[in-house]
2 protein chains.
Amino acid sequence: MASGQYLVPASLFLLCLVSTAVSHSIIQLVSGDRKIRIDDDLYCDSWRFSVETNDAGYWSTVPARCERFVQDYMTGERYLSDSEIVAEDSLAFAKSVEIAGDGRDVWVFDIDETLVSNLAYYEAHGFGSEAFEETTFNSWVDLAEAPALAPSLSLYKELQQLGFKIFLLTGRDEKHRNVTEKNLIYAGFTNWERLILRRPSDEGKPAIVYKSEKRSELEDEGYRIHGSSGDQWSDLLGFAVATRSFKLPNPMYYIS
Amino acid sequence: MASGQYLVPASLFLLCLVSTAVSHSIIQLVSGDRKIRIDDDLYCDSWRFSVETNDAGYWSTVPARCERFVQDYMTGERYLSDSEIVAEDSLAFAKSVEIAGDGRDVWVFDIDETLVSNLAYYEAHGFGSEAFEETTFNSWVDLAEAPALAPSLSLYKELQQLGFKIFLLTGRDEKHRNVTEKNLIYAGFTNWERLILRRPSDEGKPAIVYKSEKRSELEDEGYRIHGSSGDQWSDLLGFAVATRSFKLPNPMYYIS
């Protein structure tokens, strides 16, 4: 042994080597994992931009490569954060509206992915990456168990406090009226002015036409539609549109 | 020394300890740094959602806490990726249009942040977190050096190939016609059918009104406006709207 050279037990050195190796592996795993996911995340976030702005137009299913992205988005913090900011924007506008007090100041809400969440159904169906199955979705609807979207429930209650009459305008069929009312009450929504569902005479109409016609009828009755909330552009666009419309996030499906 | 106990030089052990400490620090630094930024990133990405969907309505400046987010978005990969997907959506629609061949099939483009990029100006002005200064912006415009947004330049050329007439409709004033033409040519844009700028008679009109009026005048001339591209909702909405409108990304500023 050279003079001045200190020695330590090899076991201690071995322990240190293992610790270093583990740390290096963690660093590599994190950066490697991130590199692998970055391409899909970048593309899919842009895809999400294109659907939320309606630039994409009609689309039938979530691209296969984006199923994971949509899952992360919907089940992580971002979906809730986006929903909260829309509710804030909506409330800020609602507070600026002069309520006449004649019961004619209205806010229109869609139901699915606007007031209540069908995420549990979509979790079992590829988060929108699978073709829509009406039968299984109707079975889910019949359970009447979709929970409230919390930011929407808060907004709903605040609007009622401010004096808005709430009209619910959904693409669900009239035959689902009972289970829809049951689900709304289960989720905490009460005292809506009217619940409008598709009747047989509305069959085959594109959603944007059906919803525009219904809003137009409300206007003919003398109602003033100040705000409209929906996760689909077809909830908001067309004719007889609200003074302000609020697009809620939904990268899972598109209804024309 | 106990029998069977091996020994290594302390210097080697010391080297291993340092290496482990550095690895641990890297892991902590990365996760710590990410934790600090996560709150702002989450909020700012939701703020971005609210402005790109127009849920936010009018806004004057980027929130201070989001300046860094907007900088990262604009100078990183995401802005380009989002711009590319919008160009793809636009081209897919354009290819579905039946061009009559009478020279009346039109695509309308805005200019700033749609055909050319003023990012260099905004980099020096807080990426939109500072109040807009007309004087310094006009000085930038006079340089006529704004580069093309590459995806828009590709789309522009493809549309011309398909037989669309290109109309440029900008909120810039008529006094900037020469420098605007010079900038467009510098950036690679050629053979537009018409360049429309604000005239004195358009002064004071909200952008959404000015642009709707100009599109309406084109329709009166017999033009069919199939597509409209703009980074502002006021480029796209109002009346005499295009068959399909394409919202380009812009989290830096909002024009009513």
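Residues numbered from 1 in each chain as written. Chains lettered and ligands numbered in written order. Predicted model: local features only at pLDDT ≥ 70, side-chain atom pairs only at ≥ 80, totals over all residues. Heavy atoms only, no water.

Quick word on the overall build of chain A
Next up, step 1: When you go through chain A residue by residue, the secondary structure sums to nine helices and six strands.
Next up, step 2: A compact globule built from 256 residues should have a C-alpha radius of gyration of about 18 Å, whereas chain A, at 25 Å, is more than 25% larger.
Next up, step 3: Put simply, chain A has 256 residues, and 48% of those count as buried.
Next up, step 4: For chain A, long-range pairs separated by at least 24 residues make up 71% of all intrachain contacts whose partners lie at least 6 apart in sequence.
Next up, step 5: Carbon and sulfur atoms provide 54% of the accessible area of chain A, an area that totals close to 12200 Å². (Helix = DSSP H or I, 4+ residues; strand = E, 2+ residues; numbered from the N terminus. Rg over C-alpha atoms; globule rule 2.2 N^0.38 Å. Buried < 20%, exposed > 50% of the residue type's maximum accessible area, 1.4 Å probe, protein only. Contact = heavy atoms within 4.5 Å. Areas by Shrake-Rupley, 256 points an atom, 1.4 Å probe, with all protein chains shown as cover.)

Some words on the nonpolar core
Next up, step 1: Judged by nonpolar contacts, the single largest core of 106 residues is most densely connected at Leu168 of chain A together with Leu168 of chain B.
Next up, step 2: Ignoring any residue separated from it by four or fewer positions in sequence, one finds leucine 168 of chain A in contact with Phe109, Ile111, Leu115, Tyr156, Leu184, Trp192, Arg194, Leu195 and Ile196 of chain A. (Core = buried A, V, L, I, M, F, W, Y, C linked by side-chain atoms within 4.5 Å.)

Considering the confidence of the model for chain A
Next up, step 1: Within chain A, residue pLDDT values average 93, and 92% of them lie at 70 or more.
Next up, step 2: As scored by the predictor, the complex reaches a pTM of 0.88 and an ipTM of 0.88. (pLDDT = per-residue confidence, 0-100.)

Quick notes on unusual backbone geometry
Next up, step 1: Despite not being glycine, alanine 144 of chain B has its phi angle at roughly 55°, a positive value.
Next up, step 2: Structurally, alanine 144 of chain B is set in the loop between α5 (134-143) and α6 (150-162).

With respect to the pairing of strand β2 (residues 105-109) of chain B
All names here are of chain B.
Next up, step 1: Across the five residues that make up β2, a large majority, five, are buried.
Next up, step 2: Covered by surrounding structure in β2 are Asp105, Trp107 and Phe109 together with Val106 and Val108, the residues of both alternating faces.
Next up, step 3: Of the pairings in the sheet, the one linking β2 to strand β5 (residues 224-230) comprises five bridges and is parallel in character. In the strand pairing of β5, valine 106 is matched with isoleucine 225.
Next up, step 4: Where β2 meets strand β3 (residues 165-173), four bridges bridge the pair, whose relative direction is parallel. (Pairing = 2+ DSSP bridges.)

Considering the sheet that holds β2 of chain B
Residues and elements named next belong to chain B.
Next up, step 1: Taken together, the five strands give an open sheet; going across it, the order is β4-β3-β2-β5-β6, and neighbouring strands pair in parallel fashion. Both edges of this open sheet fall to β4 (194-198) and β6 (244-247), since each of them pairs with a single strand only. Each adjacent strand pair in this sheet contributes to an overall mean axis angle of 20°, direction not counted. (Axes fitted to C-alpha atoms, helices over the stretch in contact; angles between N-to-C directions.)

Some points on the state of the cysteines
Residues and elements named next belong to chain A.
Next up, step 1: Under the definition given, this model contains two disulfides over all chains.
Next up, step 2: Residue pairing for cysteine 44: its cysteine sulfur links by disulfide to cysteine 66, the two sulfurs lying 2.0 Å apart. Disulfide cysteine 44-cysteine 66: torsion about the S-S bond near -90°, hence left-handed. Taken together, the residues span a long stretch of sequence, with cysteine 44 in helix α1 (residues 10-52) and cysteine 66 in the loop between α1 and α2 (67-75) at a distance of 22 residues. (Disulfide = S-S within 2.5 Å.)

Structural notes on the interface of chain A and chain B
Next up, step 1: Facing 43 residues of chain A, the contacting portion of chain B comprises 43 residues.
Next up, step 2: Where chain A abuts chain B, roughly 3700 Å² becomes buried across the two surfaces, and 64% of that area is made up of carbon and sulfur atoms.
Next up, step 3: For the pair chain A and chain B, the number of links is four salt bridges.
Next up, step 4: The partner of aspartate 45 of chain B in a salt bridge is arginine 78 of chain A, with the nearest N and O atoms 2.3 Å apart.
Next up, step 5: Counting every contact that joins chain A to chain B gives twelve residue pairs in polar contact (both at pLDDT 80 or more).
Next up, step 6: Where the side of chain A that touches chain B is concerned, the elements lending two or more residues are β1 (7-9), α1, α3 (78-96) and β6 (244-247) of chain A.
Next up, step 7: Looking at the side of chain A that touches chain B, the element that brings in the most residues is α1 of chain A, giving 20 residues. (Buried area = accessible area lost by both parts, 1.4 Å probe. Salt bridge = Lys/Arg side-chain N within 4 Å of Asp/Glu carboxyl O. Polar contact = N/O pair within 3.5 Å; in protein donor to acceptor, adjacent residues only side chain to side chain.)

What to know about the relation of the copies chain A and chain B
Each of the two chain copies can be brought onto the other by rotation about an axis and movement along it.
Next up, step 1: Its rotation angle being 180°, the transformation that places chain A on chain B also includes 0.1 Å of axial translation and leaves an RMSD of 0.2 Å. Such a combination of turn and shift is consistent with a two-fold rotation axis.
Next up, step 2: When the interface residues of chain A are mapped onto chain B, 100% of them again lie at the interface, so the same face is used by both copies. (Least-squares fit on C-alpha atoms with pLDDT ≥ 70 in both.)

Topic: the packing of aromatic side chains
Residues and elements named next belong to chain B.
Next up, step 1: Within the structure shown, the criterion is met by 35 aromatic pairs over all chains.
Next up, step 2: Ring centres 5.0 Å apart and planes at 75° place the aromatic pair tryptophan 47 and tryptophan 59 in the edge-to-face group. Placement of tryptophan 47 in helix α1 (residues 10-52) and of tryptophan 59 in the loop between α1 and α2 (67-75) is noted, with a sequence separation of twelve residues between them.
Next up, step 3: By relative accessible area, tryptophan 47 is classed as buried at 7%.
Next up, step 4: Here the aromatic rings of tryptophan 107 and phenylalanine 164 are separated by 5.6 Å at their centres, their planes lie at 85°, and the arrangement is edge-to-face. (Phe/Tyr/Trp six-rings, centres within 6.5 Å; stacked < 30°, edge-to-face > 60°.)

Describing the pattern of salt bridges
Next up, step 1: The full count for this structure, using the stated rule, is 36 salt bridges over all chains.
Next up, step 2: Here lysine 214 of chain B makes a salt bridge to glutamate 217 of chain B, at a shortest N to O gap of 3.3 Å. Highlighted residues: lysine 214 of chain B and glutamate 217 of chain B, both in helix α8 (residues 207-220), separated by three residues, approximately one helical turn.
Next up, step 3: We classify glutamate 217 of chain B as partly exposed; its relative accessible area is 39%.
Next up, step 4: One network of salt bridges, in which partners are shared, links Asp45, Arg48, Arg78 and Asp82 of chain A together with Asp45, Arg48, Arg78 and Asp82 of chain B.

Re a nonpolar patch on the surface
Next up, step 1: Together, Leu14, Leu17 and Val18 of chain A line one region of the surface with nonpolar side chains, adding up to about 270 Å² of accessible area.
Next up, step 2: In this fold, leucine 17 of chain A is placed in helix α1. (Patch = residues over 30% accessible without salt bridge, like charges linked within 9 Å, V, L, I, M, F, W, Y side chains within 5 Å.)

Points about the packing of α2 of chain A against α3 of chain A
Residue and element names in this part refer to chain A.
Next up, step 1: At a minimum axis distance of 4 Å, the contact between α2 and α3 shows a crossing angle of 55°. Judged on the interaxial angle alone, α3 and α2 are oblique. Counting all contacts with α2, which are made through Phe69, Tyr73 and Met74, the residues of α3 involved are Arg78, Tyr79 and Asp82.
Next up, step 2: Here the contact of α2 with α3 is composed, by residue class, of four nonpolar, no polar and two charged. (Parallel < 35°, antiparallel > 145°, perpendicular 65-115°, else oblique. Nonpolar A, V, L, I, M, F, W, Y, C, P; charged D, E, K, R; others polar.)

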